[in-house]
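Commentary on secondary and tertiary structure
Read off the chains here:
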Amino acid sequence: VPGFSPEAARRDVPILHRTVNGRPLVWLDNGATTQKPRQVIEALAGFYATANSNIHRGAHTMAREATEMYEAGRAGVAQFLGAPSPESIVFVRGTTEGINLVAQSWGRDNLGPGDDILVPVLEHHANIVPWQQVAKETRARVVPVPLRPDGSIDQDAYADLLSMRTQLVVLSHASNVLGTVPPVKEMAALAHRYGAKVLVDGAQAVAHFPVDVQDLDADFYVFSGHKIYGPTGIGALYARPEVLEEMAPWQGGGNMIESVSFERTTFAPAPHRFEAGTGHISGVVGLLSALQWLSSFGRSAVAQYETQLMTYAQQALTAVPGLEVLGTAAERIGVLTFTLAGRDPADIAGWLDRDGIAVRAGHHCAQPSLAHYGVQAAARASLALYNTGEEVDRLVESLLRLQKSD
Ligand code: PMP
């Protein structure tokens, strides 16, 4: 891809230069978490070394500086997502917390008996369980949207399931198991015709292709910093300003109030009333650095490179006897979840680990996705911008050796 060099990205990421079990590391567990460039590591360390302070309440220079850094992070996330204003961004621990915030705040106030929440079968548990919990409380219904055999969402079934009872449609912008990228914009437009709100789980999307929440017309969009080359423990929730304005706080404490008395407490405006307590200030600084690092490569160049690498990997894996990839939809990110005839997925991961290759094995927190293919566990290789064709070759070579052993 012209103008993009995975080698340049690799040079920035120190951990990619370590060995595992005597072999150079091949990190193919990017769906679980991504590795960090030194720019992010230095931004985190630099905050503690030179700027550490709590934010918002202090009346001294460093509190002001830390507050400016934190709010610059908010503006950076807003810009990155194409959000209309920094105030539409709430900092959270990650995707899971962002979804729970919407379920507990928006969900409790807007769901009731007879209301439907549509949830595609390919969702991560983080985008299923919070809805089951709030549905139980409010006596709403969680309605699964079925998949086609290729792992794409069945759009006819989706259109049939939508009704005036539908209050909310939730969906992943990219599946962590099947890689499927659904037509979010079209699905959101259809949901809006019924007056339903749309929540998009961007955990697996934002690192791989450009996202514009206004173009998608999403009401909520969530992602995790650690899956986009940033720190753990920080993520962001975008909410459409008119919707956020109406939402009640979900956790109480410092930083989120306007005034407190035993007679009456009033809350700060959004987004602050959703950020009770001391947030992950250094995490925000690290996250901004990660977004800048990723953006410096050009978002569409990264997407193009990853698509090329994915095509190469799909082709290369066909050489491995007995290997079956789950999820073959046309629109996909670089996630290859596979089974090998006669092999336990945990044994596949163990074998690859001995060769220095990190893949995940298990249910990937998406048991219904695997059940769709009649399996309980699978191995998963997930690609990122710093992976190379040579690394894919090492994966294939190791799997070929495994299939020839015993
Ligand atoms: N949704 C999807 C699609 C994911 O892949 C993940 C992480 N595997 C999550 C949600 C949860 O993210 P986190 O653990 O960072 O909250």
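Everything numeric here is computed off the predicted structure, so don't read it as measured data. (Residues numbered from 1 in each chain as written. Predicted model: local features only at pLDDT ≥ 70, side-chain atom pairs only at ≥ 80, totals over all residues.)

A short note on unusual backbone geometry
Cis geometry is adopted by the peptide bond preceding Pro 271, which originates at Ala 270 and carries an omega value of 5°. With respect to the helices, strands and loops of the structure, Pro 271 is situated in the loop between strand S12 (266–267) and helix H10 (281–296). In this structure, His 364 takes a positive phi of about 60° despite not being glycine. Considering the arrangement of structural elements, one finds His 364 in the loop between strand S16 (360–362) and helix H13 (367–372). (Helix = DSSP H or I, 4+ residues; strand = E, 2+ residues; numbered from the N terminus.)

Thoughts on the UniProt feature "domain: Aminotransferase class V" (unreviewed entry) in the protein
Sites flagged by UniProt as "domain: Aminotransferase class V" (unreviewed entry) map to residues 26–395. Annotated as residues 26–395, this span is 39% helix and 17% strand, and its ends, taken at the C-alpha atoms, are 8 Å apart. (UniProt positions renumbered as here; feature names shortened; annotations may be inferred.)

Observations concerning the site of the ligand
Residues in contact with the ligand amount to 13 residues; listed here are only the nearest, Gly 94, Thr 96, His 124, Asn 176 and Ser 224. Here the residues of the shell around the ligand are counted per class, giving three nonpolar, nine polar and one charged. (Near = placed C-beta within 6 Å. Nonpolar A, V, L, I, M, F, W, Y, C, P; charged D, E, K, R; others polar.)

With respect to the domain arrangement of the protein
Taken domain by domain, the protein holds domain 1 (6–30 + 298–404) and domain 2 (42–295). Each of domain 1 and domain 2 has a C-alpha centre, and the two are 28 Å apart. With 24 residues of domain 1 at the interface, the matching set in domain 2 holds 24 residues. Breaking the side of domain 1 that touches domain 2 down by element, the ones donating at least two residues are helix H11 (299–317), strand S14 (335–340) and H13. (Domains from an automatic or database assignment. Contact = placed C-beta atoms within 7 Å.)

Observations regarding the packing of helix H3 (residues 61–81) against H10
Direction vectors running N to C along H3 and H10 enclose 40°, while the axes themselves pass 9 Å from each other. Between H3 and H10, the angle is such that the two are oblique. Taken as a pair, H3 and H10 cross one another with a handedness that is left-handed. In this structure, H3 contributes Ala 66, Met 69, Tyr 70, Ala 72, Gly 73, Gly 76, Val 77 and Phe 80 to the contact, and H10 contributes Ile 281, Val 284, Val 285, Leu 287, Leu 288 and Leu 291. Classifying every residue of the contact of H3 with H10 gives twelve nonpolar, two polar and no charged. (Axes fitted to C-alpha atoms, helices over the stretch in contact; angles between N-to-C directions. Parallel < 35°, antiparallel > 145°, perpendicular 65-115°, else oblique. Left-handed = near helix turned anticlockwise from the far one by under 90°.)

With respect to helix H4 (residues 95–110)
For H4, which comprises 16 residues, the first-to-last C-alpha distance of 21 Å matches the rise-based estimate of 22 Å (1.5 Å per residue) to within 8%. The largest bend along H4 measures about 25° and falls at Ala 103. Looking only at H4, the buried set comprises Thr 95, Thr 96, Glu 97, Gly 98, Ile 99, Asn 100, Leu 101, Val 102, Ala 103, Ser 105, Trp 106 and Gly 107. Buried residues along H4 sit against strand S4 (89–92), helix H5 (129–138), strand S8 (197–201), strand S9 (220–224) and strand S10 (235–239). (Expected span 1.5 Å × (residues − 1). Bend = angle between axes of the 7 residues up to and from the residue. Buried ≥ 20, exposed ≤ 12 C-beta atoms within 10 Å, placed from the backbone.)

Some words on the nonpolar core
Counting residues in each nonpolar core, the largest one holds 117 residues, and the members touching the most others are Val 169, Val 200, Phe 220, Ala 236, Leu 237 and Tyr 238. A total of nine residues in this core trace back to one element, the largest contributor, which is H10. Two domains each provide a minimum of three residues to this core, namely domain 1 (6–30 + 298–404) and domain 2 (42–295). Not counting the four nearest positions on each side in its chain, Val 200 is found in contact with Leu 171, His 173, Val 184, Leu 216, Ala 218, Phe 220 and Tyr 221. (Core = buried A, V, L, I, M, F, W, Y, C linked by C-beta atoms within 7 Å.)

Digging into helix H14 (residues 389–404)
Across its 16 residues, H14 extends 23 Å between first and last C-alpha, which sits within 8% of the 22 Å expected from 1.5 Å per residue. By the burial criterion, the buried members of H14 are Glu 391, Val 392, Leu 395, Ser 398 and Leu 399. Buried residues of H14, seen end-on, are gathered within an arc of 125° and therefore sit on one face of the element. Away from its buried face, by an angle of more than 90 degrees, H14 presents the exposed residues Glu 390, Arg 401 and Lys 404. Along its buried surface, H14 packs onto strand S3 (26–27), H11, strand S13 (323–326), helix H12 (345–354), strand S15 (357–358) and strand S17 (378–382). Positive backbone phi, approximately 25°, marks Asp 406, located one or two places after H14. (Arc of directions from axis to C-beta.)

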